[in-house]
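A look at the structure
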Amino acid sequence: MAQVVDNLVRRNQERAQALLHSEATRVYRLVYQGFPGDREADMTVEAIYDRPSSKQFKIISQSGSKLILNRVFKKLLDSEQEATQPAVNAKTQLNRDNYNFEWVSYEPPKAGQTSGQYVLRVNPKSASKYVYRGQIWVDATDFAVTRIEAEPAQNPSFWTKKSEIHHEYQKVQDFWLPVKNESVSYVRLGGRATLTIEYKDYHVTGAHLPTAAEKTQAAKQ
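Residues numbered from 1 in each chain as written. Predicted model: local features only at pLDDT ≥ 70, side-chain atom pairs only at ≥ 80, totals over all residues. Heavy atoms only, no water.

Tyr 28, Leu 30, Met 43, Phe 73, Leu 177, Tyr 202 and Val 204 are the most contacted members of the largest nonpolar core, which has 26 residues in total. The element that contributes the greatest number of residues to this core is strand E10 (residues 192-206), accounting for six residues. Those residues within four positions of Val 204 in sequence are excluded, and the remaining contacts are Leu 19, His 21, Ser 22, Val 172, Gln 173, Phe 175 and Leu 177. Leu 94, Tyr 99, Tyr 132 and Ile 148 belong to the second-largest nonpolar core, a separate cluster that totals 21 residues. (Core = buried A, V, L, I, M, F, W, Y, C linked by side-chain atoms within 4.5 Å. Buried < 20%, exposed > 50% of the residue type's maximum accessible area, 1.4 Å probe, protein only. Helix = DSSP H or I, 4+ residues; strand = E, 2+ residues; numbered from the N terminus. Contact = heavy atoms within 4.5 Å.)

A few words on the pattern of salt bridges. The tally for this structure, following the rule as stated, stands at 11 salt bridges. Here Glu 14 and Arg 10 are joined by a salt bridge, their closest N and O atoms 3.3 Å apart. You can see Glu 14 and its partner Arg 10 sitting in helix H1 (residues 2-18), four residues apart, about one turn around the helix. On the basis of relative accessible area, Glu 14 is assigned to the partly exposed category, the value being 22%. In this structure Arg 10 comes out as partly exposed when scored by relative accessible area, which is 35%. Close ionic contact of Glu 164 with Lys 162 constitutes a salt bridge, the shortest N to O distance being 3.7 Å. (Salt bridge = Lys/Arg side-chain N within 4 Å of Asp/Glu carboxyl O.)

Turning next to the sheet that holds strand E2 (residues 39-50). In spatial order, the strands read E3-E2-E1-E10-E9-E8-E7-E6-E5-E4; together these 10 strands make up an open sheet with antiparallel pairing. Strands at the two margins of the open sheet, each flanked by one partner only, are strand E3 (54-64) and strand E4 (99-107). Taken over all neighbouring pairs, the strand axes of this sheet differ in orientation by 15° on average, direction set aside. Judged from the 12 bridges that link them, strand E1 (residues 19-33) and E2 form a sheet pairing that is antiparallel. Residue Ser 22 lies in a different strand from E2, and its bridge partner there is Tyr 49. The sheet contacts of helix H2 (residues 66-83) involve E1, E2, E3 and E10, and relative to E2 the element is tilted by about 25°. (Pairing = 2+ DSSP bridges. Axes fitted to C-alpha atoms, helices over the stretch in contact; angles between N-to-C directions.)

On to H1. Its 17 residues place the ends of H1 24 Å apart at the C-alpha level, agreeing with the 24 Å of an ideal helix rising 1.5 Å per residue. Those residues of H1 that sit buried are Val 4, Val 5, Asn 7, Leu 8, Val 9, Arg 15 and Ala 18. (Expected span 1.5 Å × (residues − 1).)

We now examine the packing of aromatic side chains. The full count for this structure, using the stated rule, is six aromatic pairs. Relative to Tyr 118, the ring of Trp 103 lies with its centre 5.9 Å away and its plane at 55°, an arrangement referred to as tilted. Here Trp 103 is found in strand E4, whereas its partner Tyr 118 is found in strand E5 (residues 117-124), with 15 residues between them in sequence. A relative accessible area of 41% places Trp 103 in the partly exposed class. Ring plane angle 20° and centroid distance 6.0 Å describe the contact between Tyr 118 and Phe 143, whose orientation is recorded as stacked. Of this pair, Tyr 118 sits in strand E5 while Phe 143 sits in the loop between strand E6 (132-139) and strand E7 (145-152); the two residues are 25 residues apart in sequence, bridging distant segments of the chain. The exposure class of Tyr 118 is buried, given its relative accessible area of 18%. Here the aromatic residues Trp 103, Tyr 106, Tyr 118 and Phe 143 are joined through ring pairs into a cluster of three or more. In this arrangement the basic side chain of Arg 147 is found over the ring face of Trp 137, its NZ or CZ atom lying 3.8 Å from the centre. (Phe/Tyr/Trp six-rings, centres within 6.5 Å; stacked < 30°, edge-to-face > 60°. Lys NZ or Arg CZ within 6 Å of the ring centre and 35° of its normal.)

Another aspect to go through is a nonpolar patch on the surface. A cluster of nonpolar side chains, namely Met 1, Trp 103 and Tyr 106, defines an oily patch on the protein surface of about 310 Å² accessible area. If you trace the backbone, Tyr 106 turns up in strand E4. (Patch = residues over 30% accessible without salt bridge, like charges linked within 9 Å, V, L, I, M, F, W, Y side chains within 5 Å. Areas by Shrake-Rupley, 256 points an atom, 1.4 Å probe, with all protein chains shown as cover.)

As defined by bridge partners, strand E8 (residues 160-172) adjoins strand E9 (residues 175-187) across 12 bridges and the pair is classed as antiparallel. Residue pairing in the sheet places Gln 170 in a bridge with Leu 177 of E9. Here E8 folds back onto E9 in antiparallel fashion, the turn holding two residues, of which Gln 173 has a positive phi close to 55°. Direction of pairing for E9 relative to E10: antiparallel, over a ladder of seven bridges. Bridge pairing links Ser 185 to Ala 193 in E10. As consecutive antiparallel partners, E9 and E10 are separated by four residues, and within that stretch Gly 190 has a phi angle of approximately 105°, a positive value.

In structure tokens:
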């Protein structure tokens, strides 16, 4: 397991250094059912990232509950911008400084897949709203996280009894980027909120990531 974690951390650092610029369209949707009444809202956002820590969001369209739009969606965007700042980002990286790792299993390639998956359990060493505890799936070739099933390490609100996080990633050029996030929160008064974020229309600019063969050849020179 130690080698898997070492490769995961190293390759994540390499990809983070190589990703210079990305653009994507995000579609946020939240459906709340419960007291004092059902609500829902949608927001489409253009997200632009520039290395090392710049994220800009442009709201393209929005509809539905003003409460959700102003207090949930915009708060999510503000929190994400805060999380990109170096001081915060350093405390949320998936590495041994911030997480403990446990081996769970290895899943061989499924139909249509070219690589298997390592499954690891992760537990943060300190609680914050930016870290999580649960299981991650790591691509056995690229050593990138492809899926997360977890819960926040810190309860996001007094009114929230429990939250579940489901994240999926896809490979875009040399980079593994989010394709769909789903968070289900159970409210103490009996309500349930389901937030989904879909990512599409990626445009990525990155430096060349050397292959394993290129690294071997460079080491011989």
